[in-house]
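Here is what each chain is made of, one letter per residue.
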Amino acid sequence: MEPPSLPWLQSFDKPSRLLLHALASGSSGTLAALRMLQRVQVHEGPGQAFPWQAFTAALCAEEPTLEGPEGALAVKPRLLLLPVVCQRNLFSLLLVVQAVVPGRCLSRLLQAVEQDSHVDPWVRTLGDLLRQEPRGEERFPPPAPLSSTCRQQLRCLCQKIAQNKPEGRRKLNWCFNRQLSAAGDMADSVLQDGKRKKASEESLELDEEREGKRLLLEQAVFDPPGTQEGGDTVEVEEEMPGEISGDRSAQSPAGAALESSQQDVAGEPRKMSQAELAAEVQSFLQVHGQRLKMLLQKESNHSELSIPPELHVLNNSSPAQLEGLCSFLQLSTCPEHLLVRFCSWLLALTPDLSYTSAAILTEQLFLRRVLSLTQPPSRHLMAALTSFCSKYSQPFCRVLVAAVLREPGEGTEQTKLVCELVEECLEPDCVRLVLSQVLELPLSEKLLPVVQAVLGRQEVLPAELFDLLVLTLCRQAPAFATSLNYAKLVTAMLTMYQSQVTPAHRSRLAAALDSSNAALKKSLQAVLEGAR
């Protein structure tokens, strides 16, 4: 199922976005969120609690949305626009950490849920449980810890569940490795005992197939990755128990802590000091760097079709090692014919690179070159871009295309390049991804040609994405009252996607286009009439 596009998520602060990512990770979202809260406190230092008030205020803010078969415009709290699984996990989390959540925050969230008469029954029931819980001085003492008999029975039950499935063993590993704590102490143990929790994270996640990890990562419910600070992704993905791996940690060097080179004998992740990390990268470059540099720079033998065996080291490199290797090989500034050679090697490399490695290479190979373009890219640069994009289109879009779209200024050459890639290179899922990335930003003359290129592909757009496109065009119509590009875009949408245009869409567009100048208004109204 295509995840909904929620542009307002970018207005949340970093800890709040991390928490929402964790909550949206599926059936294990509550556990992932608990671990994330613990990590926030560890990273921020003692006494730095999660910003519940800011989080609650952002979730209770109202947002316009389209609902019903007719696409009626309604205004709802953002909380009710989250996926149902995210709402369920949030209220399950609140039941566990209620002791550390301000009472006013809980009240506001419960009031927001009451505004929807069709709220999910599970969410409604969890809300009722929250209302019944006493708070503050009136709280009952926590229940006594489980007896040894109960603990043994629970351990046997977990063993029966896990005996036939290794992944079941992994997800229930906490039961075999430590004593069960008192139920009333759960919130405190989660938020304060960082080291113990971290030691219990299961290392088997790191052994999953790369392709499987990439597919899971690409199904993340929110945000499109190129839209976040690099650190955001790492911290969340470390918390996803067996559902979202740490593979995308490439977007921050901190992701190196997840790699196999930084695990102890028992396979459990451990933190490395900066000195250890630097020494490891230096050792890696001494072993592999000089040989690869020599192979890259030697005269090409056109009859040689195989890739250098040394290149397979990319499949086993940590993010820090890969970044160090790119810097050593000067891939961001090397002559473009060498860039083409390196990309041809990557195209033939098997198995495919992980999402993490591909994201790092996208940044190191292309980001600096593309953002500095002042004239059309050379044929060598285009050849390298298209070959890399053909194999690693998801990280390519999330890193490079996202950066181009967000770059201030006109960026004429960069915009032309993105349009050309959309028209000729990207697969349908990435074409939709580019559109969702554009709609997260304030529409501008720079972005209109990109949307036009997306529509020109005539790929099927999910109903939610098409609704968002119409809503965005309507909202920002006054800013384009005299824009010929805007008129062309609306015309293209109405003609190419006529089957998806509902009566509600047409009436909303007609009202929004009233501010256009006389010539454009007449032309657009004629198109609207023809779309009926």
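What counts, and where the lines are drawn
- Each chain carries its own residue numbering, running from 1 in the direction its sequence is written.
- Totals for whole chains, interfaces and linings use all residues, but because this is a predicted model, local features are given only for residues with pLDDT of at least 70 and pairs of side-chain atoms are given and counted only at 80 or more.
- Calculation of side-chain values draws on the structure's entire complement of heavy atoms; hydrogens and water are dropped beforehand.
- A run of DSSP states H or I qualifies as a helix once it reaches four residues; a run of E qualifies as a strand once it reaches two. Both are numbered from the N-terminal end.
- Only protein chains enter the accessibility calculation, which uses a 1.4 Å probe; a residue whose area is less than 20% of its type maximum is buried, one above 50% is exposed, and one in between is partly exposed.
- Note on contacts: a residue pair is in contact if any heavy atoms of the two residues lie within 4.5 Å.
- To get an axis, a line is fitted to the C-alpha atoms, and for a helix only the part in contact is used. The angle between two axes follows their N-to-C directions and goes from 0 to 180 degrees.
- Each angle is binned into one of four classes, with values under 35 degrees roughly parallel, values over 145 roughly antiparallel, values of 65 to 115 roughly perpendicular, and all other values oblique.
- Crossing handedness: left-handed means the near helix sits turned counterclockwise from the far one by under a right angle, and right-handed means the same turn made clockwise.
- Polar here means any residue other than Ala, Val, Leu, Ile, Met, Phe, Trp, Tyr, Cys and Pro, which are nonpolar, and Asp, Glu, Lys and Arg, which are charged; Gly is therefore polar.
- Take the residue count of a helix, subtract one, and multiply by 1.5 Å to get its expected span.
- Any two strands with at least two DSSP-identified bridges between them are counted as paired.
- For Phe, Tyr and Trp, rings pair up if their centres lie within 6.5 Å, where Trp contributes its six-membered ring, and each pair is then called stacked (planes under 30 degrees apart), edge-to-face (over 60) or tilted (otherwise).
- The term salt bridge refers to a side-chain nitrogen of Lys or Arg lying within 4 Å of a carboxyl oxygen of Asp or Glu.
- Only buried residues count toward a nonpolar core. Its members are Ala, Val, Leu, Ile, Met, Phe, Trp, Tyr and Cys residues joined through side-chain atoms within 4.5 Å.
- We call a pair of cysteine sulfur atoms a disulfide when they lie within 2.5 Å.
- Scored between 0 and 100, pLDDT is the confidence that the predictor attaches to each residue.

The helix and strand tally for the protein chain stands at 26 helices and 2 strands. Out of the 532 residues in the protein chain, the part that is buried amounts to 52%. In the protein chain, of all internal contacts separated by at least 6 residues, the share reaching a separation of at least 24 is 73%.

With that settled, consider the environment of Pro319. Positionally, Pro319 belongs in helix H15 (residues 319–329). Judged by relative accessible area, Pro319 falls into the buried class, the value being 1%. For the pair Pro319 and Val281, spaced 38 residues apart in sequence, the C-alpha separation works out to 9.8 Å.

What follows concerns the packing of helix H19 (residues 393–406) against helix H21 (residues 428–439). With their axes 10 Å apart at the nearest point, H19 and H21 run at an angle of 30 degrees to one another. The pairing of H19 with H21 is recorded here as roughly parallel in orientation. Crossing of H19 over H21 shows right-handed handedness. Contact residues: Ser393, Gln394, Cys397, Arg398, Val401, Ala402 and Leu405 in H19; Asp429, Cys430, Leu433, Val434, Gln437 and Val438 in H21. Partitioned by chemical class, the residues of the contact of H19 with H21 number 8 nonpolar, 3 polar and 2 charged.

What follows deals with helix H20 (residues 412–424). With 13 residues, H20 should cover 18 Å at 1.5 Å per step; its first-to-last C-alpha distance of 18 Å lies within 8% of that length. Those residues of H20 that fall on the buried side of the exposure criterion are Glu413, Gln414, Thr415, Leu417, Val418, Cys419, Leu421 and Val422.

Once that is clear, we can look at the packing of helix H18 (residues 379–391) against H19. Their axes nearest at 5 Å, the elements H18 and H19 cross at an angle of 120 degrees. Relative to H19, the element H18 lies oblique. Contacts between H18 and H19 involve Leu385, Phe388, Cys389 and Lys391 on the former and, on the latter, Ser393, Phe396 and Leu400. Tallied by class, the residues present in the contact of H18 with H19 amount to 5 nonpolar, 1 polar and 1 charged.

To continue, consider the pairing of strand S1 (residues 62–67). As paired elements, S1 and strand S2 (residues 72–77) share 6 bridges and run antiparallel to each other. For Leu66, the partnering residue across the bridge sits in S2 and is Leu73. Connecting S1 to the antiparallel partner S2 that follows it, the hairpin turn spans 4 residues, and Gly68 within it adopts a positive phi of roughly 80 degrees.

In the structure shown here, the tally under the stated rule is 10 aromatic pairs. Seen from their ring centres, Phe366 and Phe396 are 6.3 Å apart, and the 70 degrees between their planes marks the pair as edge-to-face. Remark: Phe396 occurs in helix H19 and Phe366 occurs in helix H17 (residues 355–371); sequence separation between them is 30 residues. This pair shows no difference in class: Phe366 is buried, exactly as Phe396 is. Through pairs of rings, three or more aromatic residues link up here, namely Phe366, Phe388, Tyr392 and Phe396.

A separate point is unusual backbone geometry. Pro351 follows Thr350 through a cis peptide bond whose omega is -5 degrees. Inspection of the secondary structure puts Pro351 in the loop between helix H16 (336–348) and H17. Although it is not a glycine, Gln330 adopts a positive phi angle of roughly 55 degrees. You can see Gln330 is positioned in the loop between H15 and H16. Of note in the backbone geometry, Gln458 takes a positive phi value of approximately 55 degrees without being a glycine.

Moving on, we get to the pattern of salt bridges. In total, this model carries 8 salt bridges according to the counting rule given. Between Asp120 and Arg88 there is a salt bridge, with the nearest N and O atoms lying 2.8 Å from each other. Here Asp120 is found in the loop between helix H5 (103–114) and helix H6 (121–132), whereas its partner Arg88 is found in helix H4 (residues 84–96), with 32 residues between them in sequence. Asp120 gets classed as buried once you look at its relative accessible area, which sits at 16%. Connected via shared salt-bridge partners are Glu114, Asp128 and Arg131.

What follows deals with the environment of Gly289. Residue position: Gly289 is located in helix H14 (residues 274–297). Accessibility expressed as a relative area gives 0% for Gly289, which makes it buried. Considered as a pair, Gly289 and Leu325 are 36 residues apart in the sequence and their alpha carbons are 6.3 Å apart. Residues within four places of Gly289 in sequence aside, it is in contact with Phe284, Leu325, Phe328 and Leu329.

Of all hydrophobic cores here, the largest spans 93 residues; its most connected members are Phe342, Leu365 and Phe366. Sequence-distant contacts of Phe366, that is, excluding residues within four places in its chain, are made with Leu339, Cys343, Leu361, Leu381, Ala384, Leu385, Phe388, Phe396 and Leu400. Residues Leu20, Met36, Leu90 and Phe91 belong to the second largest nonpolar core, which totals 40 residues.

A separate point is H19. When the terminal C-alpha atoms of H19 are compared, their 18 Å separation across 14 residues agrees well with the 20 Å that a helix rising 1.5 Å per residue should span. Across the 14 residues that make up H19, a large majority, 12, are buried. Along H19, the positions that sit buried rather than exposed are Ser393, Gln394, Pro395, Phe396, Cys397, Arg398, Val399, Leu400, Val401, Ala402, Val404 and Leu405.

Quick look at the state of the cysteines now. In the structure shown here, the tally under the stated rule is 0 disulfides. With no disulfide of its own, Cys60 lies closest to Cys105 among cysteine sulfurs, the gap being 8.6 Å. The exposure class assigned to Cys60 is buried, which follows from its relative accessible area of 14%. Distance from the sulfur of Cys397, which forms no disulfide, to the nearest cysteine sulfur (Cys430) is 4.3 Å.

As a further point, take the confidence of the model for the protein chain. Chain-level statistics for the protein chain give a pLDDT mean of 74 and a share of 69% at 70 or above. With pLDDT under 50 throughout, residues 135–143 is counted as low confidence; its partners more than four residues away or in other chains account for 12 contacts. Segment residues 176–270 is flagged for pLDDT under 50; beyond a separation of four residues in sequence, or across chains, it makes 216 contacts in the model.

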